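A look at the structure
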Amino acid sequence: MRTPIIAGNWKLFKKCCDAQDFVAKLIPLVQKTSDVEIVIAPVFTVLSTVKQAIAGSNIKLSAQDCFWEEEGAFTGEISPGMLVDAGCSHVIIGHSERRQYFGETDETVNRKIKAAIAAGLTVLFCIGETLAERETDKTFEVLRTQVENGLAGLARDDLAKVVIAYEPVWAIGTGKTATDEQAQVAHAFIRKVVGELFTVQLAEAIRILYGGSVKPENVRGLMNQPDIDGALVGGASLKADSFGAIVNYKA
Ligand code: 13P
């Protein structure tokens, strides 16, 4: 059985007070939720505030990115070990916004994934095709390349620390969700590729999240799909009510 994960990616939103407020509202909404892993990913500057706010709760802390070196003369970067030190158990790597705006490539994503795993973090590894790629029937090719390159050189044991997030770029922040069927087809394909690269058993065990305009209204249909093991939520994770409703999708 794959334990579902509902993760909130706050992107470039929320300073300290807003983050504290959010957590204070979320805790009572999810404190009885036991069979879902709950993760929130704030900006770096509020990680320690959120760490204190979630202490003793069932909410886990993620960062939105990290560098691959542990320390050194790399101004402005943050290392995986520093994220662990700040209380993170998870880190998002390879988000399409980082690929699109900050020059992230499959190669840098791969280096970051390896470094994050070495530091003991669980990686939320993002992949997904653009609209142009989907419309020219390149979806499978793009997903295969991203999975192969992102996970290149990982040992079988490392895979336990990887969660894949399928986020079709055309569905992010657009209000356009992939249909349940479109998402399921992509997830099944990704699982097949993981099986080819590693083992069928590991492919069965890996969790694959869907991301792209997930809301309380559409989460249940997505979660009913056999290969969808959770959601990576952007906009709807910014309000405790809507994020709580997504976490409690089974209720
Ligand atoms: P939205 O839920 O706002 O579409 O964002 C999805 C996302 O990018 C999560 O990482």
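Keep in mind that what you see is a predicted model, and the values were worked out from it rather than measured. (Residues numbered from 1 in each chain as written. Predicted model: local features only at pLDDT ≥ 70, side-chain atom pairs only at ≥ 80, totals over all residues. Heavy atoms only, no water.)

1. Considerations on the pattern of salt bridges
To keep things clear, this is the line we draw: Here, a salt bridge means any Lys or Arg side-chain nitrogen found within 4 Å of an Asp or Glu carboxyl oxygen. Only DSSP runs of H or I with at least four residues qualify as helices, and only runs of E with at least two residues qualify as strands; both kinds are numbered from the N terminus onward. For every residue, the accessible area obtained with a 1.4 Å probe (protein chains only) is divided by the maximum for its type, and the residue is called buried under 20%, exposed over 50%, and partly exposed between those limits.
Taken as a whole and judged by the stated rule, the model has 17 salt bridges. With a shortest N-O distance of 3.3 Å, Lys60 and Glu37 are connected by a salt bridge. A residue pair is termed long-range when its members are at least 10 positions apart, and Lys60 in strand 3 (residues 59-63) and Glu37 in strand 2 (residues 37-41) qualify at 23 residues. Classification of Lys60 by relative accessible area gives partly exposed; the value is 35%. With a relative accessible area of 13%, Glu37 lands in the buried category. Each of Arg2, Arg191, Glu204, Asp227 and Asp229 takes part in one network of salt bridges that share partners.

2. Let's talk about the UniProt feature "active site" (unreviewed entry) in the protein
Stated precisely, the cut-off is as follows: UniProt positions are given in the numbering used here, feature names are shortened, and annotations may be inferred rather than shown by experiment. Here a cavity denotes grid points, spaced 1 Å and computed from the protein atoms alone, that fit a 1.4 Å probe unable to get out, and a pocket denotes an open set having protein on both sides within 12 Å along at least 5 of 7 lines; residues with an atom within 4 Å of a point are the lining.
Under the UniProt annotation, the feature "active site" (unreviewed entry) is placed at His95 and Glu167. Taken together, the annotated residues stretch across 73 residues yet fold into one region, lying no more than 8.4 Å apart by C-alpha. Lining residues of the largest pocket drawn from the annotated set just named are His95. Position of His95 among the secondary structure elements: in the loop between strand 4 (90-93) and helix 4 (96-101).

3. Thoughts on the state of the cysteines
Two cysteines, two sulfur atoms, one covalent bond between them: this is a disulfide. Spelled out, the test is: Criterion for a disulfide: a pair of cysteine sulfur atoms at a distance within 2.5 Å.
Under the criterion given, the structure shown has 0 disulfides. Left without a disulfide partner, Cys16 is nearest to the cysteine sulfur of Cys17, which lies 6.7 Å away. Given the relative accessible area of 33%, Cys16 is considered partly exposed.

4. Focus: the UniProt feature "binding site: substrate" (unreviewed entry) in the protein
Put simply, the test is: Working rule for contacts: check all heavy atoms of both residues, and any pair within 4.5 Å makes them a contact.
Under the local residue numbering, the UniProt record ascribes the feature "binding site: substrate" (unreviewed entry) to Asn9, Trp10, Lys11, Gly173, Ser213, Gly234 and Gly235. Across 227 residues in sequence, these annotated residues keep their C-alpha atoms within 13.8 Å of one another, forming a single compact spot. In this structure, the largest pocket is lined, among the annotated residues mentioned, by Asn9 and Lys11. Here Lys11 lies in the loop between strand 1 (5-9) and helix 1 (16-30). Setting aside residues up to four positions removed in sequence, Lys11 forms contacts with Ala41, Val43, Gln64, His95, Glu97, Ile172 and Gly234. Within the fold, Gly235 resides in the loop between strand 8 (230-233) and helix 11 (240-247).

5. A word on the site of the ligand
Here is the rule we go by: Throughout, near means a residue has at least one heavy atom within 4 Å of the molecule or strand. Distance and chemistry together define a polar contact, namely a pair of N or O atoms within 3.5 Å, with one atom able to donate a hydrogen and the other to accept it when in protein, and with adjacent residues in sequence counting only for side-chain atoms on both sides. Per-residue accessibility takes into account occlusion by the displayed protein chains alone, with areas from the Shrake-Rupley method and a 1.4 Å probe. Residues are sorted three ways: Asp, Glu, Lys and Arg are charged, Ala, Val, Leu, Ile, Met, Phe, Trp, Tyr, Cys and Pro are nonpolar, and all the rest, Gly among them, are polar.
Residues in close proximity to the ligand include Asn9, Lys11, His95, Glu167, Ala171, Ile172, Gly173, Gly212, Ser213, Leu232, Gly234 and Gly235, which together make up its full environment. Measuring from an oxygen atom of the ligand, one finds a backbone N or O atom of Gly235 at 2.8 Å. Relative to its unbound accessible area of 310 Å², the ligand is 95% covered by the protein chains. Of the residues contributing to the shell around the ligand, the split by class is 3 nonpolar, 7 polar and 2 charged.

6. Digging into the layout of surface pockets
Quick note on the threshold: Grid points are joined across faces, edges and corners, and a volume is the space filled by probe spheres set on the points.
Each pocket or cavity is described by its volume, and for the largest pocket that value is around 390 Å³. In this structure, the largest pocket is lined by 15 residues; those nearest its centre are Lys11, Leu12, Val43, Gln64 and Arg98. Of the residues contributing to the lining of the largest pocket, the split by class is 7 nonpolar, 4 polar and 4 charged.

7. Notes on helix 5 (residues 106-118)
Working note: α-helix, 3.6 residues per turn, so residues spaced by three or four point in the same direction. Keep this limit in mind: To estimate how far a helix should reach, multiply one less than its number of residues by 1.5 Å.
If you check helix 5, its first and last C-alpha atoms are 18 Å apart, about what 13 residues at 1.5 Å a residue would give, namely 18 Å. For helix 5, the set of buried residues is Asp106, Thr108, Val109, Asn110, Lys112, Ile113, Ala115, Ala116 and Ile117. In this structure, the buried residues of helix 5 make contact with helix 3 (80-85), strand 4, helix 4, strand 5 (122-127), helix 7 (139-150) and strand 6 (162-166). Of the residues one or two after helix 5, Gly120 is the one with positive phi, at around 95°.

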